[in-house]
Amino acid sequence: MAHDQHEVDPGAYDFASIQAKWLPVWEESKPFAAGRPGDTKPRKYILDMFPYPSGDLHMGHAEAFGYGDTVARYWRHQGFDVLHPIGWDSFGLPAENAAIKRGVDPRAWTYENIDQQKRSFRQYAPSFDWSRELHTSDPEYYRWNQWLFLKLYEKGIAYRKAGQVNWCPNDQTVLANEQVVDGHCERCGAVVTKKALTQWYFRVTDYADRLLDDLNQLEGAWPSKVISMQRNWIGRSAGADVEFEIEGREERIPVFTTRPDTLFGATFMVVAPDSELAAELAAGASDEVKARFEGYLESVRTESDIDRLATDRPKTGVFLDRHAINPVNGERLPIWAADYVLADYGHGAIMAVPAHDQRDLDFARAFDLPVRVVVDTNQPVTGVIPVIPLDENGVPYLPDDLPPLNPGDTGVALTGEGRLINSGPLDGLSKSNAIRRVVDLLEHRGLGRAAKNYRLRDWLISRQRYWGTPIPIIHCTDCGEVPVPDSELPVRLPDAAGLDLKPKGSSPLGAAEDWVNVACPKCGGAARRDSDTMDTFVDSSWYYLRYLNPTDEGVAFDPAEAEKWAPVDQYVGGVEHAILHLLYSRFITKVLFDEGYLSFTEPFTSLLNQGMVLMDGSKMSKSKGNLVEFASELQAHGTDALRVTLAFAGPPEDDIDWADVSPTGAAKFLARAWRIAGEVTSSPDVEWKTGDAALRRITHRLLADAPGLVEAFKFNVVVARLMELVNATRKAIDSGAGAGDAAVREAAEVTAMILDLFAPYTAEDMWERLGYQPTVALVPWRKADPALLVEESVTAIVQVNGKVRDRIEVSPKISGEELEALARASAAVVRTIGDSEIVNVIVRAPRLVNIAIKG
RNA sequence: GCUCCCGUAGCCCAAUCGGCAGAGGCAGGCGACUUAAACUCGCCGCAGUCUGGGUUCGAAUCCCAGCGGGAGCACCA
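What counts, and where the lines are drawn
Residues numbered from 1 in each chain as written. Chains lettered and ligands numbered in written order. Predicted model: local features only at pLDDT ≥ 70, side-chain atom pairs only at ≥ 80, totals over all residues. Heavy atoms only, no water. Helix = DSSP H or I, 4+ residues; strand = E, 2+ residues; numbered from the N terminus. Expected span 1.5 Å × (residues − 1). Buried < 20%, exposed > 50% of the residue type's maximum accessible area, 1.4 Å probe, protein only. Core = buried A, V, L, I, M, F, W, Y, C linked by side-chain atoms within 4.5 Å. Contact = heavy atoms within 4.5 Å. 1 Å grid on protein atoms, 1.4 Å probe; cavity = no way out; pocket = protein on both sides within 12 Å on 5 of 7 lines; lining within 4 Å. Points joined across faces, edges and corners; volume = space filled by probe spheres on them. Nonpolar A, V, L, I, M, F, W, Y, C, P; charged D, E, K, R; others polar. Salt bridge = Lys/Arg side-chain N within 4 Å of Asp/Glu carboxyl O. pLDDT = per-residue confidence, 0-100. Pairing = 2+ DSSP bridges. Axes fitted to C-alpha atoms, helices over the stretch in contact; angles between N-to-C directions.

With that settled, the discussion passes to helix α5 (residues 139-154). With 16 residues, α5 should cover 22 Å at 1.5 Å per step; its first-to-last C-alpha distance of 22 Å lies within 8% of that length. Burial analysis of α5 places 14 of its 16 residues in the buried class, the great majority of the element. The positive-phi residue at the C-terminal boundary of α5 is Gly-156, with phi of around 80°.

Structure below.
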């Protein structure tokens, strides 16, 4: 029997035809364009982290963009002019790798991917303002990356230096510290090695204090996890720089310590083997020492970061046969080179206090170096832990069974509080007082000062790859580094055709002879362009500002527009950028603030991290065969069911296991809601007040509660409440007031309006079935009627000793006295109390009475 | 090893301030509609909140300890 393929029951919910019906309508009317001239509404800027165009959207995108869109749609209903833009983070290695593998042009590959991905995106119907779409790989965009670079160069924030850098042998390029995760390349997973290279950096360490301190303003508005990760990453520690004389050396060596109070306990000094200082000290020693040092250095160089990061590995090192002088007591301290001291932290040298530092103690025990206790951790210090033990009369005493003070034997360093001993003028002081005293002492003698140190390193931004923003610097043999004049921006990427993009450790751009050879802008002589490209995290560090005027050819962004829209009110994206992108973006925002371009110092006022979409408890991947394809889910269930499924699965920041959710359940709910809109028989001008009060109460409670729920990101609860409303409406139609009741129409309209946050197609179609014109997305939020939020009566609970003994229906306005009287009169209560004595009665009118009795 | 988060029904999840443990869904059971099935509609909830202590008139909620799970950090002087 031949079926007409379009044979669809007109009374049945068919997501495909609803999508096909409304998408062109919205594309035509563009209801989501922001900043229309003359719009006086208050503004909100809702931003999703822009995607890398990898070919197609996946479930992770579906989740994140769904949440972002819910928030954007919500604020539109609340009467805001909402800026909700989208663009493409379209520079980066995948395009280049595809180019190498398949001989395609990286540009063509990228823009084809964008086209494909965009088609899925449109089906998914986020309420984007597509007119502001941007691509970081367009010269119109990266021109401003170059502008930003030159600004930073001008201010001394961008600079070039030589050093040991992270090198990804797979991608054949350097990496920033943030892009090395557990010794592996953040992007491709290869084991990262070290390489000595001259590279471009941004001086993010100059902003370390502000990046750390300003996290306080994000407290409560960003996930606490992200805040603590950033705090850890910046890793500020306070202490002192102490200068040590070195025998046979003119200049003193500074060391950083967080425990200057233990200075009298220093028994040796350690320098990082890969530091210049170590090489210099070894050079001044005997040939035998020199040889031993060279051998050690070699072994240190060959070990990977992975090995080096392993904890509990035995301490290694060599004695350099040189000595330092302790500035406070004149003692000679042997100097060792050991790899547990890092060249690029502090000054690459430490004073070792084995009694009070576990690492120093491990080293001292391995090489039989002296251990001297200078803090008696058995002596309690007032006001700090350990608390002074008190005897039964409240008199402080010292217990007899104190732990021994011999870390050299126990192997456990004494890191706690205590009183200073063996420390001359510091004896008897507490830790904090000793720190203050010794810093004073050192400052007075010019041998040290209070100091801070950071784990954060400067941001290495140059990359030896093709598909990125060219660094706008020209290297001239006579003039050195010369910035490309603004009038010559953008420095465009040369055509990839004819270039060998295969990674070979230097940028492919260097081989583009026509491109790389230029006249020096200063002297006109022969010069070469810098052939590295920028880290793509530079692109994304300020893109949120480019959306404000994406086609402006005169400025990167318009400060007046920034004043109107920025900072971003709500940012949505993955927690994988907890440090990377979010730290860089915060940094660049502060730089732009300092330069007077912005009036705020934090780019993202509020942050929502979505969880991951899993399958059967683990991350989805092709190799595991547990991939849930976005495209096929979209095909099978439609946009709305997919979005409702994701919103309803649980709190947005939690992971979603696709095995636990039910897109068909979501589709059923949508169909149920949609059918109701078709059953309503009253006309739009019906008088609400005449409607069924019970249903109206449910409707208005939702109107009242939903804003708080959405603003707290409890999307799953909002969906549950919508289900509740739909169930109640169904009941009213079938076995209550009937389809013609005003409350049924009201409930259906409110359902459509709120459903728009999660299921825009269904909501729009319902809206039309209810007799209105598009678009439901722009319908103002209905005000909840306060009269309907008050219950006619409430159930008061009567407890005896916390156990529920009776329930009484009372007026919500009942007084405490009346309620107590009613409770005491309750038969069940009287029975329970019997002869017992009433000790206490707690009354919380109108909800609860608790009678406490004896026995 | 250190820090943070989380443990509620077979499963996913709710429970504004410490005040009736259940809003919602999945799965399941029963029923109506149907020749039958699907769809649809209706009905069905004794889990006392991981364990043990504590605070309180009252604890899923606050505190302490433990168990289990997840995340972050881990030679940073």
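Taken as a class, soluble globular proteins show a tendency for nonpolar side chains to be buried jointly. Counting 100 residues, the largest nonpolar core has Phe-149, Phe-202, Trp-459, Leu-545 and Phe-587 as the members making the most contacts within it. Of all the elements, α5 adds the most residues to this core, at 9 residues. Excluding anything up to four places from it in sequence, Phe-149 contacts Ala-158, Trp-200, Phe-202, Ile-461, Ile-471, Pro-472, Ile-473 and Met-534. Formed by 88 residues, the second largest nonpolar core is a distinct cluster that contains Tyr-13, Val-718, Ala-732 and Leu-757.

Rolled over the atoms, a probe as big as a water molecule pinpoints where empty space is left. Following the criterion strictly, the structure yields 2 cavities of 30 Å³ or more and no others. Taken as a whole, the largest cavity encloses approximately 50 Å³ of empty space. Forming the walls of the largest cavity are Glu-63, Gly-66, Tyr-67, Thr-70, Tyr-124, Arg-643, Leu-646, Ala-647, Leu-757 and Phe-758. Within the residue set of the lining of the largest cavity, elements represented by two or more residues are α2 (59-77) and α20 (630-648). If one sorts the elements of the lining of the largest cavity by residue count, α2 sits on top with 4 residues. When its residues are assigned to classes, the lining of the largest cavity shows 6 nonpolar, 2 polar and 2 charged.

Evaluation of the coordinates by the stated rule reveals 44 salt bridges. For Lys-452, the salt bridge identified is with Asp-209, shortest N-O distance 3.0 Å. Residue Lys-452 is found in strand β18 (residues 448-453), and its partner Asp-209 is found in helix α6 (residues 208-213); the two are separated by 243 residues along the sequence. Owing to a relative accessible area of 24%, Asp-209 belongs among the partly exposed residues under this scheme. If you follow the salt bridges from partner to partner, you end up with Asp-69, Arg-73, Arg-643 and Asp-756 in one network.

For the rest of this paragraph, the subject is the confidence of the model for chain A. This prediction gives chain A a mean pLDDT of 90; 95% of its residues lie at or above 70. Segment residues 1-8 is flagged for pLDDT under 50; beyond a separation of four residues in sequence, or across chains, it makes 1 contact in the model. Long-range and interchain partners of residues 383-388, a stretch whose pLDDT sits below 50, account for 9 contacts in this model, where long-range means more than four residues apart. Interface scoring of the predicted complex returns ipTM 0.95; its pTM is 0.92.

Two strands in a sheet stick together by hydrogen bonds in their backbones, pointing the same way (parallel) or opposite ways (antiparallel). Spatial strand order, β22-β21-β24-β23: 4 strands in an open sheet with antiparallel pairing. Of all strands in the sheet, those with a lone pairing partner are β22 (480-483) and β23 (517-519), marking the two edges. Averaged over all adjacent pairs, the angle separating strand axes in this sheet is 40°, with direction ignored. One ladder, built from 4 bridges, connects strand β21 (residues 473-476) with β22; its direction is antiparallel. Counterpart to Cys-476 in the pairing with β22 is Gly-480.

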